[in-house]
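This is what each chain is made of:
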4 protein chains.
Amino acid sequence: MISLESDYTTGAHPEVLKRLMETNGEPLSGYGTDPYCLRAADKIRRAVGREDAEVEFLVGGTQANAVVISAMLADYEGVIAAETGHISSHEAGAIEYTGHEVLTLPQTEGRILPETLRRYLDDFYADANHEHMTFPGMVYLSHPTEYGTLYTKADLQAISEICRSRGIPLFLDGARLGYGLMSRSTDLTLQDIASFCDVFYIGGTKVGALCGEAVVFMNGCRPRHFMTSVKRRGALLAKGRLLGVQFDALFTDDLYFRISRHVIDMAERMKEIFRGEGIPLYIDSPTNQQFIILENRRMQRLGEKVRFSFWEKYDDEHTVIRLAAGWSTTEEDLEELREALRASAVPDRGGQNGQ
Amino acid sequence: MISLESDYTTGAHPEVLKRLMETNGEPLSGYGTDPYCLRAADKIRRAVGREDAEVEFLVGGTQANAVVISAMLADYEGVIAAETGHISSHEAGAIEYTGHEVLTLPQTEGRILPETLRRYLDDFYADANHEHMTFPGMVYLSHPTEYGTLYTKADLQAISEICRSRGIPLFLDGARLGYGLMSRSTDLTLQDIASFCDVFYIGGTKVGALCGEAVVFMNGCRPRHFMTSVKRRGALLAKGRLLGVQFDALFTDDLYFRISRHVIDMAERMKEIFRGEGIPLYIDSPTNQQFIILENRRMQRLGEKVRFSFWEKYDDEHTVIRLAAGWSTTEEDLEELREALRASAVPDRGGQNGQ
Amino acid sequence: MISLESDYTTGAHPEVLKRLMETNGEPLSGYGTDPYCLRAADKIRRAVGREDAEVEFLVGGTQANAVVISAMLADYEGVIAAETGHISSHEAGAIEYTGHEVLTLPQTEGRILPETLRRYLDDFYADANHEHMTFPGMVYLSHPTEYGTLYTKADLQAISEICRSRGIPLFLDGARLGYGLMSRSTDLTLQDIASFCDVFYIGGTKVGALCGEAVVFMNGCRPRHFMTSVKRRGALLAKGRLLGVQFDALFTDDLYFRISRHVIDMAERMKEIFRGEGIPLYIDSPTNQQFIILENRRMQRLGEKVRFSFWEKYDDEHTVIRLAAGWSTTEEDLEELREALRASAVPDRGGQNGQ
Amino acid sequence: MISLESDYTTGAHPEVLKRLMETNGEPLSGYGTDPYCLRAADKIRRAVGREDAEVEFLVGGTQANAVVISAMLADYEGVIAAETGHISSHEAGAIEYTGHEVLTLPQTEGRILPETLRRYLDDFYADANHEHMTFPGMVYLSHPTEYGTLYTKADLQAISEICRSRGIPLFLDGARLGYGLMSRSTDLTLQDIASFCDVFYIGGTKVGALCGEAVVFMNGCRPRHFMTSVKRRGALLAKGRLLGVQFDALFTDDLYFRISRHVIDMAERMKEIFRGEGIPLYIDSPTNQQFIILENRRMQRLGEKVRFSFWEKYDDEHTVIRLAAGWSTTEEDLEELREALRASAVPDRGGQNGQ
């Protein structure tokens, strides 16, 4: 059984795990004040190319979204997100739990178009009754999006300019940021992201860590007494070293980018296999999540050898499934995937031929 | 420099770390549904001696307190705690963040006396205006308390009976539960705790894990759709295995208790050293946190060789400090502590003699 | 200048005000425990036709929505509403402020179709990942809707049955309930509403009171210790008599229905005037809010003599405006409206003729 | 039966009610934008003696406390209050409902002593772990306090200076402010209060209005988009005129002060009666609430003719009760009180004599 159902099925990348072992016995101060956290923050600042970036480590993605958004919004504000955004539908109301509304916009393959955002903001401020409505106080994007797609540099810049003209911060959820950066069809660098966004995070959980997201605040956006805000949300890790050591490892010798490139290679290989087997892509995703359309019986047969995620019903006879590559995905896994795909096709045709 | 400032300065106990390494490559399902979480829950159920116990894993102590309390309280209820309870003062308002009041009671060495609780509840319900006040909806104890002290079986039973007579659950914060159970002067077993409490947690972070607390719900108290409540509080770990594997290791071959016993041995040794050196105890703590009173200059000299925690000012010339043993504390550390304590005393007298 | 911009521009209906004056000097107990509150509740129970109905008075509509919804939802639940529902967009995030998500559904003239609701609930429970999403825990309807439209008996019954089959309460926002009940084209009685809904409120603010909404809980749905929940939301009025006396007046000699019928008569008269003047209706509303489409310059000229509400842009040259009848609207007002409408049409044509 | 159990048992002062009637038919804009709200704000600005004061009207006291405090605190902050403060114990957790902690200080007759506050703040910032605790972000006082007592000018100034040196706002709950200002033993004027506080409110509900509190923000402290924050807390009144007209009346021809002076006269008369009858005062209150100690049987007999509030048990045989004067209290009421007090004393002595 090969496991392609998500990018968080295996533990930590061996280089990350090795550092956890090597540093395990050192007595270190808690709550993110240890030298590994400081060093990791430093390395991330260098990678980002901005001395003034402020880096904080949190445990998981939903947590990072809820903590950052709720700590940055004013009382009367909500956060704008695509209706397919992770915070809009798949975090069990984590943003609303903090007392704030998610203001959803229509999307295109998971992306908010700059024009959609501009019109929404124009309409809001044009409405004579807008003081009776939630003020848009932040824009949330995910990159890659929930569909594996990416913003172009032009679009991210346009969105950034709209946000700045309205005086609201731009927040980018980078739970899978490495795969966006190492995609073969992106023109956005980490430095670009740091210059267009006011806050973003570099996902660790889905890119080789056991857990951990590195939140990067730009332009002085880090909320005052952020540690206290983190603590009162139950999100402050006593042994903060667990995050510091892992991110220190990920940003040593470009490990974060090496992992990401490998995963992209595997995902592109996967795509070739789909094409080779004549399997239609639901979306032509340039990152590590691949979405294909399978005839239902074939999907069931494939499920006997490969673990994947059900995505959505396509029509009465077809289903969209997701297969994701991760740091531990190997060429052998993909060879097995190809075999399984072939095998899943044969019996049926055979059966038809037999009639 | 020896490190005795807390019980969470080093990483995971080697046996825990070993299991993380051994299982690292296995592809496992996320969010606590993996076999290690299930197995760990099973082992904890066995240790607790109750088939019907329901076990959930969370990442940290403040998180466990906030998630459990807020998910169990009714809208109009608050939680009763000692005024020195962790939730009352050292969690940055994490309970209030969830919308609920902490109703504080006077304490004795960190403990709530049954009589204090009974009187509080009697007075509340006797007050004709109590519908204008927060209803007491849960009792929170910590065991060991913030002062390292312990409840007796008689007192825990009395508190439990008061709670049951009022129909409110009893919650025990066991961030350092192992040290309570292995203390040389306790008459409370894990089974007793499970029978007196409605919910409690077995702390991992401070007893040999990298992170993690095992919440145990008794008597059907586990809130419905608890996973969703955990998720929306940003507390659901994607790689839940990180918690499952660690607790599986801690509850294999009694590791949790072996660690705890070692730490208690180290703490008792520490106490002997204090006595040997004529250093007064602030509280005669039966667990792993020791509190001593030091003359201020001596404290400063000690600080050059030993890391400890400032606890509180004793008087203008003396300070209470805390030294804590942990899984990685060794006899050699304590020998060094003795040396450092002696050395801290000499120079001053020498200086005085020299005048 | 005649005022038709909303149904809350004038004070209380004279019969309501008279009772406030007559009872003003009586010393009464506070917080809704006075005899007028009790008597009003009794009269409402009779009007509703159910002995077991429990009635509570709140000050305003947004408050009633937020208090009722947040007090009834479980932690992991959100409330379903039409995307045009008042709670979805025009209450500044009042529901989210209480920590709960509004789950929005597409609408038809402000109504949720039973089929839309059924499909949403089926899809939710069919989704393997639904524990990562907000559970639908209540259905919110407004009747009349924000567009002045009404549910039919068949549709309300169908929605009620869907809710009951899923075990979730049905909540009806009746801020303008009187106008729904007295509409000339409704087949729904107050008794029907009480039998189909689990909780609803009878709006006072927009039907002749200075303020006040009577919340009616059916089927034992009144949350436990509701008064305490109301208090902690800052919604408990010290001089509860202000609500009790007004609702006692409104439910004496059918005043609530007499007011409503008068307002409906005025609204129907308004509609005749629009038809007489050849002005297109945007929606053929059967209640007190009328929506018409006006050419922009005509709208501006009308605005010199009549106060109305801007509703939305229709196209570049036309606008949808709302005119609402209220308890103080008179035939003379409508005669003036007709004059103003005519006058608003003439000058323009005159100008054109002159060229 | 005379009613002295509180100062909110009767409706509005006749001059207030008269203005509600006179203005009832005028069509006015909603949500506090009507000319009466504007005019009342103007008059209050003049009474306060500061052009830059910003005035907002809210419906009730608990609401005013919760809205103001939660809108002004930063995420990581709580509010300091006396342990007997209204927000600390008698608002059912309304502050905690907004996510913020009430940091309670010991009190003296309901007052916080400047020295207590200074020491608390010094200790907080001296604590090395204070980032793990709720930051003190505001000081809440009530004036008169819950015990009817008053701050001196010197003490209020000292508290104000402590707040300013720490950069946190000072908030004064003036639910009964009129009685503080008209007390015969105060040296604090309304202008003093405006200069020492950053925000305070002038209570209407307990000083002659049907409902309503006028919140006064000084020094630019009014939160941005306050109306939206009010709305999303369910506290925005549609017919804002109800508050505007009442406060316009209260601040016309010094009505607010005339009412207050009358009430103080009645309270002082009450005190004379107590002294005349040899009844011990529990606190020598200089405002409208009087607290006396009565032997329990006497209290019961008194209760047959006079309504009062139970305050607290004094000892096994005596009880503290509260009697409050209000705008509708008359000399005749107090004559009856004297009779009732006498009568309550006689039978018992008579009974004893008879034996």
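Residues numbered from 1 in each chain as written. Chains lettered and ligands numbered in written order. Predicted model: local features only at pLDDT ≥ 70, side-chain atom pairs only at ≥ 80, totals over all residues.

Peer 1: Honestly, the overall build of chain A in this entry has me stumped. Any pointers?
Peer 2: Across its full length, chain A holds 14 helices and 13 strands. Taken over the C-alpha trace, chain A has a radius of gyration of 21 Å; the compact-globule value for 355 residues is 20 Å, and the two agree within 12%. Buried residues in chain A amount to 58% of all 355 residues. Nonlocal contacts in chain A, meaning residues at least 24 apart in sequence, comprise 74% of its contacts between residues at least 6 apart. (Helix = DSSP H or I, 4+ residues; strand = E, 2+ residues; numbered from the N terminus. Rg over C-alpha atoms; globule rule 2.2 N^0.38 Å. Buried ≥ 20, exposed ≤ 12 C-beta atoms within 10 Å, placed from the backbone. Contact = placed C-beta atoms within 7 Å.)

Peer 1: Where do I start with helix α1 (residues 14-23) of chain D in this structure?
Peer 2: For the α-helix, the turn length of 3.6 residues means that residues three or four positions removed from each other point alike. Residues of α1 of chain D that are buried: Val 16, Leu 17 and Leu 20 of chain D. On an axial view of α1 of chain D, the arc spanned by its buried residues comes to 95 degrees, and they lie on one face. Residues of α1 of chain D that are buried sit in contact with α1 (14-23) of chain C together with α11 (241-250) of chain D. (Arc of directions from axis to C-beta.)

Peer 1: So what exactly am I meant to see when it comes to the interface of chain B and chain C here?
Peer 2: Buried accessible area, meaning the area lost when the parts come together, often serves as the stated size of an interface. If you look at the interface, chain B gives 13 residues, while chain C gives 13 residues. Sort the elements by how many residues they give to the side of chain B that touches chain C and helix α10 (residues 226-232) of chain B lands first, with 5 residues. For the side of chain B that touches chain C, the per-class residue count stands at 4 nonpolar, 5 polar and 4 charged. (Nonpolar A, V, L, I, M, F, W, Y, C, P; charged D, E, K, R; others polar.)

Peer 1: What is the right way to read the sheet that holds strand β7 (residues 199-203) of chain B from this model?
Peer 2: In a beta sheet, neighbouring strands pair by backbone hydrogen bonds and run either parallel or antiparallel. Residues and elements named next belong to chain B. One open sheet holds the 7 strands; their spatial order is β2-β8-β7-β6-β5-β3-β4, and the pairing between them is mixed. The sheet is open, and its two borders are formed by β2 (54-58) and β4 (102-105), each paired with just one other strand. Strand-to-strand, the axes of this sheet are offset by a mean angle of 25 degrees, without reference to chain direction. Here strand β5 (residues 135-142) runs beside strand β6 (residues 170-173); their pairing, made up of 4 bridges, is parallel. Bridge pairing links Tyr 140 to Phe 171 in β6. (Pairing = 2+ DSSP bridges. Axes fitted to C-alpha atoms, helices over the stretch in contact; angles between N-to-C directions.)

Peer 1: How should I be thinking about the relation of the copies chain B and chain A in this particular structure?
Peer 2: A rotation about an axis combined with a shift along that same axis relates the two copies of the chain. Laying chain B over chain A is done by rotating through 180 degrees and shifting 0.0 Å along the axis; what remains is an RMSD of 0.0 Å. Taken together, the turn and the small shift mark the pair as related by a two-fold rotation axis. Comparing contact sets, 100% of the residues at the interface of chain B also lie at the interface in chain A, consistent with an isologous, same-surface contact. (Least-squares fit on C-alpha atoms with pLDDT ≥ 70 in both.)

Peer 1: Help me understand the interface of chain B and chain A, please; the structure alone is not making it clear to me.
Peer 2: Taken together, the contacts link 44 residues of chain B with 44 residues of chain A. Contributing elements (two or more residues each) for the side of chain B that touches chain A: α1 (14-23), α3 (61-72), α5 (94-97), α10 and α11 (241-250) of chain B. Looking at side-chain class alone, the side of chain B that touches chain A contains 20 nonpolar, 17 polar and 7 charged residues.

Peer 1: Can you help me understand the relation of the copies chain B and chain C in this one?
Peer 2: Rotating chain B by 180 degrees and translating it 0.0 Å along the rotation axis places it on chain C, where the RMSD comes to 0.0 Å. Both copies present the same face, since 100% of the interface residues in chain B are matched by interface residues at the equivalent positions in chain C.

Peer 1: Help me understand the sheet that holds strand β6 (residues 170-173) of chain D in this model?
Peer 2: Residue and element names in this part refer to chain D. Read across the open sheet, the 7 strands follow the order β2-β8-β7-β6-β5-β3-β4; overall the sheet is mixed. Whereas interior strands pair on both sides, the edge strands pair on one side only; in this sheet they are β2 (54-58) and β4 (102-105). The mean inter-strand angle of the sheet, taken between neighbouring strand axes irrespective of direction, is 25 degrees. Taken together, the 2 bridges between β6 and strand β7 (residues 199-203) define a ladder with parallel strand orientation.

Peer 1: Can you help me understand unusual backbone geometry in this one?
Peer 2: Backbone geometry follows two general trends: most residues other than glycine have a negative phi, and most peptide bonds adopt the trans configuration. Note the cis peptide between His 143 of chain A and Pro 144 of chain A, where omega equals -5 degrees. As for its position among the elements, Pro 144 of chain A is in the loop between β5 (135-142) and α7 (153-166). Even without being a glycine, Glu 109 of chain C presents a positive backbone phi close to 50 degrees. Of note, the phi angle at Asp 253 of chain D is positive, near 50 degrees, even though the residue is not glycine. With respect to the secondary-structure elements, Asp 253 of chain D resides in the loop between α11 and α12 (255-276). Overall, the presence of 10 C-beta atoms within 10 Å leaves Asp 253 of chain D in the exposed class.

Peer 1: Even after reading the chapter, I still don't get the domain arrangement of chain A, so can you show me in this structure?
Peer 2: Residue and element names in this part refer to chain A. By the assigned domains, chain A splits into domain 1 (14-253) and domain 2 (256-350). Distance from the C-alpha centre of domain 1 to the C-alpha centre of domain 2: 29 Å. Tallied by class, the residues present in the side of domain 1 that touches domain 2 amount to 9 nonpolar, 8 polar and 3 charged. (Domains from an automatic or database assignment.)

Peer 1: What's the story with the pairing of β2 of chain B in this structure? I'm lost.
Peer 2: The side chains of a regular strand alternate between both faces of the sheet. Residue and element names in this part refer to chain B. With respect to burial, β2 is a largely interior element, 4 of its 5 residues being buried. Bridge count between β2 and strand β8 (residues 213-217): 5 bridges; the pairing is antiparallel. Paired with Glu 56 across the bridge in β8 is Val 215.

Peer 1: Looking at this model, I keep getting lost on the pairing of strand β6 (residues 170-173) of chain A. Mind explaining?
Peer 2: Both faces of β6 of chain A are covered, namely the face carrying Leu 170 and Leu 172 of chain A and the face carrying Phe 171 and Asp 173 of chain A. For the segment spanning β5 of chain A, α7 of chain A and β6 of chain A, crossover handedness is right-handed. (Right-handed = clockwise from strand over helix to strand, strands pointing away.)

Peer 1: Can you help me understand the packing of α1 of chain D against α11 of chain D in this one?
Peer 2: Residues and elements named next belong to chain D. Where α1 contacts α11, the two axes come as close as 9 Å, and the packing angle between them is 135 degrees. By the criterion of interaxial angle, the relationship of α1 to α11 is oblique. Considering only the axes of α1 and α11, their crossing is right-handed. Every residue of α11 that contacts α1 at Glu 15, Val 16, Arg 19, Leu 20 and Thr 23 is listed here: Val 245, Gln 246, Asp 248, Ala 249 and Leu 250. Of the residues that constitute the contact of α1 with α11, the class distribution is 5 nonpolar, 2 polar and 3 charged. (Parallel < 35°, antiparallel > 145°, perpendicular 65-115°, else oblique. Left-handed = near helix turned anticlockwise from the far one by under 90°.)

Peer 1: I would appreciate a short explanation of the environment of Tyr 97 of chain C in the present structure.
Peer 2: Relative to the helices and strands, Tyr 97 of chain C is located in helix α5 (residues 94-97). A sequence separation of 27 residues divides Tyr 97 of chain C from Ser 70 of chain C, and the C-alpha atoms of the two residues are 9.5 Å apart. Beyond its immediate chain neighbours, meaning those up to four positions away, Tyr 97 of chain C contacts Gly 99 of chain A together with Arg 232 and Arg 233 of chain D.

Peer 1: For this particular structure, what's the right way to read the environment of Gly 174 of chain A?
Peer 2: Residues and elements named next belong to chain A. Following the sequence through the fold, Gly 174 ends up in the loop between β6 and α8 (177-181). Residues Gly 174 and Thr 145, 29 residues apart in the sequence, show an inter-C-alpha distance of 8.8 Å. Excluding anything up to four places from it in sequence, Gly 174 contacts His 143, Phe 200, Tyr 201, Ile 202 and Gly 203.

Peer 1: Hey, could you run me through the packing of helix α6 (residues 114-126) of chain D against helix α7 (residues 153-166) of chain D in this one?
Peer 2: For any two helices packed against each other, the geometry is given by the interaxial angle and the distance between the axes. Residues and elements named next belong to chain D. Packing of α6 against α7 leaves a shortest axis separation of 9 Å and a crossing angle of 15 degrees. Taken as axis vectors, α6 and α7 run roughly parallel relative to one another. Considering the relative orientation of α6 and α7, their crossing is left-handed. Contacts from Pro 114, Leu 117, Arg 118 and Leu 121 of α6 reach α7 at Asp 155, Ala 158, Ile 159, Ile 162 and Arg 166.

Peer 1: Help me out: how do you make sense of the confidence of the model for chain A in this one?
Peer 2: Low pLDDT marks stretches whose predicted atomic positions should not be read closely. Residue and element names in this part refer to chain A. A residue-level look at chain A finds 97% of positions with pLDDT of 70 or above and a mean pLDDT of 96. Under a pLDDT of 50 for its full length, residues 348-355 has, in the predicted model, 2 contacts with residues more than four places off or in other chains. Reported confidences for the modelled complex are a pTM of 0.96 and an ipTM of 0.95. (pLDDT = per-residue confidence, 0-100.)

Peer 1: What should I look at first to understand the environment of Thr 33 of chain B in this one?
Peer 2: All names here are of chain B. With respect to the element layout, Thr 33 can be found in the loop between α1 and α2 (35-48). By C-beta crowding, Thr 33 is classed as partly exposed, having 13 other C-beta atoms within 10 Å. Remark: the alpha-carbon pair of Thr 33 and Lys 239, spanning 206 residues in sequence, is separated by 9.6 Å.

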